[in-house]
Amino acid sequence: MLDACVLTIVRNGEDYLESCLLQIIDYVSTIRITVDKRSNDRTKGIVDRLAARYPNIVVSHFDVQDPLVDLVAMRNSQFGFAEKWGFIVD
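Residues numbered from 1 in each chain as written. Predicted model: local features only at pLDDT ≥ 70, side-chain atom pairs only at ≥ 80, totals over all residues. Heavy atoms only, no water.

Visitor: Quick one: what's the story with the state of the cysteines, residue by residue and with numbers?
Guide: One pass over the full model with this rule turns up zero disulfides. No disulfide involves Cys-5; its sulfur sits 14 Å from that of Cys-20, the nearest cysteine. The exposure class assigned to Cys-5 is buried, which follows from its relative accessible area of 5%. (Disulfide = S-S within 2.5 Å. Buried < 20%, exposed > 50% of the residue type's maximum accessible area, 1.4 Å probe, protein only.)

Visitor: Account for the side chain of Thr-8, with residues named and values stated.
Guide: Structurally, Thr-8 is set in strand β1 (residues 2–10). Using a relative accessible area of 4% as the deciding quantity, one classes Thr-8 as buried. Aside from chain neighbours lying at most four places away, what touches Thr-8 is Arg-32, Ile-33, Thr-34, Arg-75, Gln-78, Val-89 and Asp-90. (Helix = DSSP H or I, 4+ residues; strand = E, 2+ residues; numbered from the N terminus. Contact = heavy atoms within 4.5 Å.)

Visitor: Provide a residue-level description of a nonpolar patch on the surface, including the pertinent values.
Guide: On the surface, a cluster of nonpolar side chains totalling about 320 Å² of accessible area is made up of Leu-2, Trp-85 and Phe-87. By secondary structure assignment, the location of Trp-85 is in strand β4 (residues 85–88). (Patch = residues over 30% accessible without salt bridge, like charges linked within 9 Å, V, L, I, M, F, W, Y side chains within 5 Å. Areas by Shrake-Rupley, 256 points an atom, 1.4 Å probe, with all protein chains shown as cover. Salt bridge = Lys/Arg side-chain N within 4 Å of Asp/Glu carboxyl O.)

Visitor: Account for the nonpolar core, with residues named and values stated.
Guide: One broad trend across soluble globular proteins is that nonpolar side chains are buried collectively. Grouped together as the largest cluster of nonpolar side chains are 15 residues, with contacts concentrated most on Leu-17, Leu-21, Ile-31, Ile-33, Leu-50 and Ile-57. Where this core is concerned, the elements lending two or more residues are β1, α1 (17–24), β2 (28–36) and α2 (43–53). Ranked by residue count, the leading element in this core is β2, at four residues. Leu-21 has contacts with Ile-31, Ile-33 and Leu-50, leaving out every residue within four places of it along the chain. (Core = buried A, V, L, I, M, F, W, Y, C linked by side-chain atoms within 4.5 Å.)

Coordinates in, geometry out; function isn't part of it.
Spelled out as structure tokens, the structure:
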């Protein structure tokens, strides 16, 4: 296992999110997911279910008001969680 943190921002990702995360979950120490609260599909439920099943998945939810500003803030907040290596998977 690589001592690395995968950083992911997701909005309306029900079609691909679970399969993406399951491909990498065994190879990294942490997955940090930030869910855009504007998601209007099953993304939140999928993320919450995966986080309950895998203790190395950490979830936060972000209320996006201004996408141009808030998406940068979301990404910058995630970088603080990558202690050694951080990989962006969006």
